[in-house]
Protein chains: 2
Amino acid sequence: MYERIKGFRDFYPGAMAAHRAVRDEVESTVGRYGFREIATPAIERTQLYVDKSGEEIVEELYSFTDHGGREVSLTPELTPTVARMVVEKQQELSKPIKWYSTRPFWRYEEPQQGRFREFYQTNVDIFGSSAPESDAEILAVAADALTGLGLDGDDFEFRVSHRDILGGVLRSMDADVDVAAAIRAVDKSEKLERVEYHNLLVDAGLDLASAEAFADLLAEGDLDAVVDFAGTDEVAAAVENLRAVLAATEDFGAREYCTLSLDTARGLDYYTGVVFECFDSTGEVGRAVFGGGRYDDLIESFGGQPTPAVGFAVGVMNSTLPLLLQRAGVWPEEAVSTDYYVLSVGDTREVAAGVARDLRARGHVVETDVAGRSFGAQMGYADSINAETVVIVGERDLENGEVTVKEMASGDQTAVPLEAFPGERQRPTYDDYV
Amino acid sequence: MYERIKGFRDFYPGAMAAHRAVRDEVESTVGRYGFREIATPAIERTQLYVDKSGEEIVEELYSFTDHGGREVSLTPELTPTVARMVVEKQQELSKPIKWYSTRPFWRYEEPQQGRFREFYQTNVDIFGSSAPESDAEILAVAADALTGLGLDGDDFEFRVSHRDILGGVLRSMDADVDVAAAIRAVDKSEKLERVEYHNLLVDAGLDLASAEAFADLLAEGDLDAVVDFAGTDEVAAAVENLRAVLAATEDFGAREYCTLSLDTARGLDYYTGVVFECFDSTGEVGRAVFGGGRYDDLIESFGGQPTPAVGFAVGVMNSTLPLLLQRAGVWPEEAVSTDYYVLSVGDTREVAAGVARDLRARGHVVETDVAGRSFGAQMGYADSINAETVVIVGERDLENGEVTVKEMASGDQTAVPLEAFPGERQRPTYDDYV
């Protein structure tokens, strides 16, 4: 007997039905905003990730040398791939470019609750706009996807921050501070003791008093105070941009889900402007559910023309989102559903198959016997697939030109003339014949 | 600038829209037959493939050692994975098990037209039935998927054969013949000169006269003659089974697409009963479009209880199917579509955003400005995304409580009171207001 690989997961039909419903809802929301689906390769050159994140990233990648001698990796995230795609066709693509896709990614990390080595994300990005409306549309479509799944404003919040506020304040305090390291410290701060957090800021180049002042300033979250504290045009502009984005979320119907949270920073280095993370408002799901933000420099760093960009990625399978949906009681039922089972006993296959085809032509999910089984075995199977209606095509009934229509929930059944089932009806049930 | 890896493909929105339409149609047909979606890992232990196909398979695999020392491979096909999944839960799963899934697979082969190193298949399988109805349902659902895509009986044919006829005849001729090797020769026969084909059969252990007689018997395709030639119960039973399957396809509405073709064998060793391949009837697409068949021994060879199985896999992206659909003129248009573009000029964002949200709430694909652009730039963008209707929200119009509704195809436009758009209408267009 062979075993599944650690950190990977098989989805059987019941669980899959729930996950697919979630994925379809997210994709349908995103599609209504005019994001267009793309599809991308499962592997890229390892260099793509090393250039962006350094050699140490290889420890987290599924990387190998292919038979042609290429150093390649299973893609750990989508952003470098879409950046490559934008660069490749930047002349032909009309801006703004609005793309989405859903597919698995792979990271060699220690599995934990809601974290697998293979996980499925829907990635949503806008390229070619630096206007606050593009950040706001990303926040709005993310919020709509969650409310479409049955969540409301009491269930989740988007903690919104701005990389240029964090970086700008740091630069106003000490021109030599390692901004990327300090921002990584902010990103980890919620999980750290106060002293540890301050020490990481000191490691990044701040003196202890400055580290404490910086941490207090972010925690306070007063934008006017931030502008005064820094006293630089950079920070004033960043605060203005953040306020403009929040104002646009008002028009776009997403302001109520947004909380100003300067302690939020996002882990990846490539972010440049507004960033956000989605959290469970109750705190029961302790980690960020997903996040996103602006990354205006990435396309250029990949050899493209300067192209602003903003986006988010939400994990739709093997991720934290199912934990939030379960906590909120809106996780879809993990079960298969079936509209009709057409039960054939005796020499009735031709008629039963015809009934099944008629019902399928009307768009219904219809099973019929493919195993030559007894009445009882077929009835048990119909029950196991949650058939709503069973149409019994028996030899005796057929002699009278009839079939039996059985409502599985109640067990009620009635004989119906064959020509009346389905007849002209779009979705005939027991109730139509009594 | 980074490059895509050879044999892999980026799908941009236009091409993706067409491929997604094909995939959705196939999945929807399969779903109506009551096949249930599953999802499976992208990697499996390499041993799974080596045990089944021998060490030489590794040359065709993307295989590597992960950071945990596991020998793993990107999955080159689904069947071993689903067999593993059936074995793992064989006690809980009610039979017949009917599963489908769509996802990429990977093989290190030389790319050619319709063949990539990464290709997407929808796999469809029934486990737990050896009845002819299960083979027939596989043929019927495959045929329905193709007719659902717009093909008809003049466009494609299923060449149907039977492994136990081929193997049984071989065994009746010479008990020591290498049946697997001879069947691989049959599988290749269409691409071979007659002499080469005969030589391969001789290599498999037949004498030349027997090889010629065997080849002629298959080419003739007369089932009575085959039974007489072999004179064994095995072949008589196999012929009876094949006839029963074809009779069932009659009831299931798929007989017209099936052609008896004993020269068809399928390449993989694990097939045991009925096998089939789909071909372009015009011959313009020269290779098999897809295929499938019965594999009754695989689950047991994976350590499970004996479980009959039958299925097929159709390539929905990076495969031969698009070539057939293009040849037949039914390939979906490679373009994005947009119901509405809401154009905002001047200080009208709040109203424009409200209109866009109202239209999205009705299920439409709606874009609006996220880049702060001019009237002309927005109009050009609306045209580039094939917007059907543009709703212009301008400052002047708004002062009169109006918006302008423009039909893009004709260029006709009219002023409409804001409260009437969308108002009570589900899908308002220019025609509704003139």
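Residues numbered from 1 in each chain as written. Chains lettered and ligands numbered in written order. Predicted model: local features only at pLDDT ≥ 70, side-chain atom pairs only at ≥ 80, totals over all residues. Heavy atoms only, no water.

*Asks:* Please provide a residue-by-residue account of unusual backbone geometry, values included.
*Replies:* The omega torsion of the bond from lysine 95 of chain A to proline 96 of chain A falls at -5 degrees, within 30 degrees of zero and hence cis. Within the fold, proline 96 of chain A resides in the loop between helix H3 (79-88) and strand E5 (97-106). Along the chain, phenylalanine 421 of chain B connects to proline 422 of chain B via a cis peptide bond; the corresponding omega equals -5 degrees. Structurally, proline 422 of chain B is set in the segment after strand E16 (413-417). Of note in the backbone geometry, asparagine 386 of chain A takes a positive phi value of approximately 55 degrees without being a glycine. Summarising the element assignment, asparagine 386 of chain A is placed in the loop between helix H14 (375-384) and strand E14 (387-393). In the Ramachandran plot, arginine 266 of chain B falls in the positive-phi region, its phi being about 70 degrees despite a non-glycine side chain. Within the secondary structure layout, arginine 266 of chain B lies in the loop between strand E8 (258-260) and strand E9 (274-280). (Helix = DSSP H or I, 4+ residues; strand = E, 2+ residues; numbered from the N terminus.)

*Asks:* Please give an account of the nonpolar core that cites residues and values.
*Replies:* Within the largest apolar cluster, 79 residues are counted, with the highest numbers of intra-cluster contacts made by Phe158 and Phe290 of chain B. If you tally residues by element for this core, the top one is helix H4 (residues 132-148) of chain B, at nine residues. Residues in contact with phenylalanine 290 of chain B, not counting those within four places in the same chain, are Ala142, Leu146, Phe158, Arg266, Phe276, Glu277, Cys278, Phe312, Ala313 and Val314 of chain B. Grouped together as the second largest cluster of nonpolar side chains are 78 residues, Met16, Leu151, Ala238 and Val274 of chain A included. (Core = buried A, V, L, I, M, F, W, Y, C linked by side-chain atoms within 4.5 Å. Buried < 20%, exposed > 50% of the residue type's maximum accessible area, 1.4 Å probe, protein only. Contact = heavy atoms within 4.5 Å.)

*Asks:* Got a sec to walk through the pairing of strand E15 (residues 402-407) of chain A? Specific residues and values, please.
*Replies:* The side chains of a regular strand alternate, residue by residue, between the two faces of the sheet. Residues and elements named next belong to chain A. Pairing between E14 and E15: four bridges, direction antiparallel. When the bridges of E15 are listed, threonine 389 appears paired with glutamate 407. Relative to strand E16 (residues 413-417), E15 runs antiparallel, the two sharing five bridges. Along E16, the bridge assignment pairs valine 405 with threonine 414. (Pairing = 2+ DSSP bridges.)

*Asks:* Can you break down a negative patch on the surface residue by residue, with the values?
*Replies:* All names here are of chain A. A cluster of acidic residues, Glu55, Glu56, Glu59 and Glu60, forms a negative patch on the protein surface. Positionally, glutamate 60 belongs in the loop between helix H2 (46-53) and strand E3 (63-65). Residue classification places glutamate 60 among the partly exposed positions, given a relative accessible area of 35%. (Patch = residues over 30% accessible without salt bridge, like charges linked within 9 Å, V, L, I, M, F, W, Y side chains within 5 Å. Areas by Shrake-Rupley, 256 points an atom, 1.4 Å probe, with all protein chains shown as cover. Salt bridge = Lys/Arg side-chain N within 4 Å of Asp/Glu carboxyl O. Lys, Arg positive; Asp, Glu negative; His and termini not counted. Charge placed at Lys NZ, Arg CZ, Asp CG, Glu CD.)

*Asks:* Outline the pattern of salt bridges, supporting the account with residue identities and numerical values.
*Replies:* Residues and elements named next belong to chain A. All told, the structure shown has 68 salt bridges over all chains when counted by the stated rule. Between arginine 159 and glutamate 157 there is a salt bridge, with its nearest N and O atoms 2.8 Å apart. Note on arginine 159: relative accessible area 18%, which makes it buried.

*Asks:* Can you explain the relation of the copies chain B and chain A? Please cite residues and give values.
*Replies:* It takes a turn of 180 degrees to lay chain B on chain A, together with a shift of 0.0 Å along the axis; the resulting RMSD is 0.0 Å. Accordingly, the operation relating the two chain copies is best matched by a two-fold axis. In terms of C-alpha distance to the rotation axis, chain B has phenylalanine 64 of chain B as its closest residue, with the C-alpha 3.1 Å off the axis. Mapped onto chain A, 100% of the interface residues of chain B are again interface residues, and the two copies thus contact each other with one and the same surface. (Least-squares fit on C-alpha atoms with pLDDT ≥ 70 in both.)

*Asks:* Talk me through the sheet that holds strand E7 (residues 156-162) of chain B; I want residue IDs and the actual numbers.
*Replies:* Residue and element names in this part refer to chain B. Pairing is mixed across the open sheet formed by eight strands, whose spatial order is E1-E5-E6-E11-E10-E9-E7-E8. This sheet does not close on itself; its edge strands, each paired only once, are strand E1 (36-37) and E8. The pairing of strand E10 (residues 290-294) with strand E11 (residues 309-317) spans four bridges and is classified as antiparallel. Each bridged residue has a counterpart across the sheet, and for glycine 291 the counterpart in E11 is alanine 313.

*Asks:* So what's going on with the UniProt feature "binding site: L-histidine" (unreviewed entry) in chain A? Which residues, and what values?
*Replies:* Residue and element names in this part refer to chain A. In this structure's numbering, the residues bearing the UniProt feature "binding site: L-histidine" (unreviewed entry) are Glu77, Leu78, Thr79, Arg107, Gln121, Asp125, Arg266, Tyr270 and Tyr271. Summarising the element assignment, arginine 107 is placed in the loop between E5 and strand E6 (118-127). Every residue in contact with arginine 107, bar those within four places of it in the chain, is listed here: Glu60, Tyr62, Pro76, Glu77, Arg117 and Phe119. Within the secondary structure layout, tyrosine 270 lies in the loop between strand E8 (258-260) and strand E9 (274-280). (UniProt positions renumbered as here; feature names shortened; annotations may be inferred.)

*Asks:* I'd love a proper account of the UniProt feature "domain: Aminoacyl-transfer RNA synthetases class-II family profile" (unreviewed entry) in chain A, names of residues and values included.
*Replies:* Those places that UniProt annotates as "domain: Aminoacyl-transfer RNA synthetases class-II family profile" (unreviewed entry) correspond, in this numbering, to residues 20-332 of chain A. As annotated, residues 20-332 of chain A comprises 42% helix and 20% strand, and the C-alpha atoms at either end are separated by 10 Å.

*Asks:* For the interface of chain B and chain A, give the residues involved together with the corresponding values.
*Replies:* Residue-level contacts link 97 residues of chain B with 98 residues of chain A. Buried surface at the junction of chain B and chain A, both sides included, amounts to about 8500 Å², of which 56% is carbon and sulfur. If you look at where chain B meets chain A, you find 18 salt bridges. Residues arginine 349 of chain A and aspartate 251 of chain B are paired through a salt bridge, measuring 2.8 Å at the closest nitrogen-oxygen approach. In this assembly, chain B and chain A are joined by 53 residue pairs in polar contact (both at pLDDT 80 or more). Examining the composition of the side of chain B that touches chain A, we find that seven residues originate from one element, helix H1 (residues 13-32) of chain B, more than from any other. Its residues placed into classes, the side of chain B that touches chain A shows 44 nonpolar, 18 polar and 35 charged. (Buried area = accessible area lost by both parts, 1.4 Å probe. Polar contact = N/O pair within 3.5 Å; in protein donor to acceptor, adjacent residues only side chain to side chain. Nonpolar A, V, L, I, M, F, W, Y, C, P; charged D, E, K, R; others polar.)

*Asks:* Please give an account of the side chain of aspartate 155 of chain A that cites residues and values.
*Replies:* Within the secondary structure, aspartate 155 of chain A is located in the loop between helix H4 (132-148) and strand E7 (156-162). Apart from the residues lying within four places of it in its own chain, the contact partners of aspartate 155 of chain A are Gly150, Phe279, Asp280, Ser281, Leu324, Arg327 and Ala328 of chain A.

*Asks:* Break down the packing of aromatic side chains for me, citing the residues and quoting the values.
*Replies:* Tallying each qualifying case throughout the model produces 43 aromatic pairs over all chains. Measuring from centroid to centroid gives 6.1 Å for phenylalanine 158 of chain A and phenylalanine 290 of chain A, while their planes differ by 75 degrees, and the two rings are edge-to-face. With phenylalanine 158 of chain A in strand E7 and phenylalanine 290 of chain A in strand E10 (residues 290-294), this pair connects stretches of sequence that are 132 residues apart. One exposure class covers both phenylalanine 158 of chain A and phenylalanine 290 of chain A, and it is buried. Between the NZ or CZ atom of arginine 360 of chain B and the centre of the ring of tyrosine 33 of chain A, over which it lies, the distance is 3.7 Å. (Phe/Tyr/Trp six-rings, centres within 6.5 Å; stacked < 30°, edge-to-face > 60°. Lys NZ or Arg CZ within 6 Å of the ring centre and 35° of its normal.)

*Asks:* If you had to explain the packing of helix H5 (residues 163-173) of chain B against helix H10 (residues 233-251) of chain B to someone new, which residues and values would you point to?
*Replies:* Between two packed helices, what matters for the description is the angle formed by their axes and the separation of those axes. Residue and element names in this part refer to chain B. Contact geometry for H5 and H10: axes closest at 9 Å, N-to-C directions at 165 degrees. With respect to their mutual orientation, H5 and H10 come out roughly antiparallel. For the element pair H5 and H10, the recorded crossing hand is left-handed. On the side of H5, the interface is formed by Asp164, Ile165, Gly168, Val169 and Arg171, while H10 contributes Glu234, Val235, Ala238, Val239 and Leu242. (Axes fitted to C-alpha atoms, helices over the stretch in contact; angles between N-to-C directions. Parallel < 35°, antiparallel > 145°, perpendicular 65-115°, else oblique. Left-handed = near helix turned anticlockwise from the far one by under 90°.)

*Asks:* If you had to explain the sheet that holds E3 of chain A to someone new, which residues and values would you point to?
*Replies:* Residues and elements named next belong to chain A. One open sheet accounts for three strands, arranged E2-E4-E3; its pairing is antiparallel. A strand with exactly one partner marks an edge of an open sheet, and here the two such strands are strand E2 (43-45) and E3. On average, each strand axis in the sheet is inclined to that of its neighbour by 35 degrees, with strand direction left out of account. Sheet analysis places E3 next to strand E4 (residues 71-74), joined by three bridges and oriented antiparallel.

*Asks:* Before we move on, could you go through the environment of serine 337 of chain A and cite the residues and values that matter?
*Replies:* Tracing the chain through its elements places serine 337 of chain A in the loop between helix H12 (321-327) and strand E12 (338-344). Residue contacts for serine 337 of chain A: discarding those within four places in its chain leaves Val365 and Ile385 of chain A together with Arg36 of chain B.

*Asks:* Which residues make up the side chain of asparagine 123 of chain A, and what values do they have?
*Replies:* Residue and element names in this part refer to chain A. Residue position: asparagine 123 is located in strand E6. Assessed through its relative accessible area of 5%, asparagine 123 is described here as buried. In this structure the side chain of asparagine 123 is engaged in a polar contact, spanning 3.2 Å, whose partner is the side chain of glutamine 121. Once you skip the residues sitting within four places of it in the chain, asparagine 123 turns out to touch Leu78, Trp99, Tyr100, Ser101, Phe105, Phe312 and Ala313.

*Asks:* Could you give an account of the domain arrangement of chain A, naming the residues involved and the relevant values?
*Replies:* Taken as a whole, chain A is organised into domain 1 (13-40 + 75-327) and domain 2 (338-433). The C-alpha centroid of domain 2 of chain A is placed 52 Å from the C-alpha centroid of domain 1 of chain A. (Domains from an automatic or database assignment.)

*Asks:* Could you give me a rundown of the pairing of E7 of chain B, with the residues and numbers involved?
*Replies:* Residues and elements named next belong to chain B. With six of seven residues buried, E7 is to be regarded as a mostly interior element. The pairing of E7 with E9 spans seven bridges and is classified as antiparallel. What sits directly across from phenylalanine 156, in E9, is aspartate 280. As judged from the three bridges shared by E7 and E8, these two strands associate in the parallel manner. Of the residues in E8, the one forming a bridge with arginine 159 is threonine 259.

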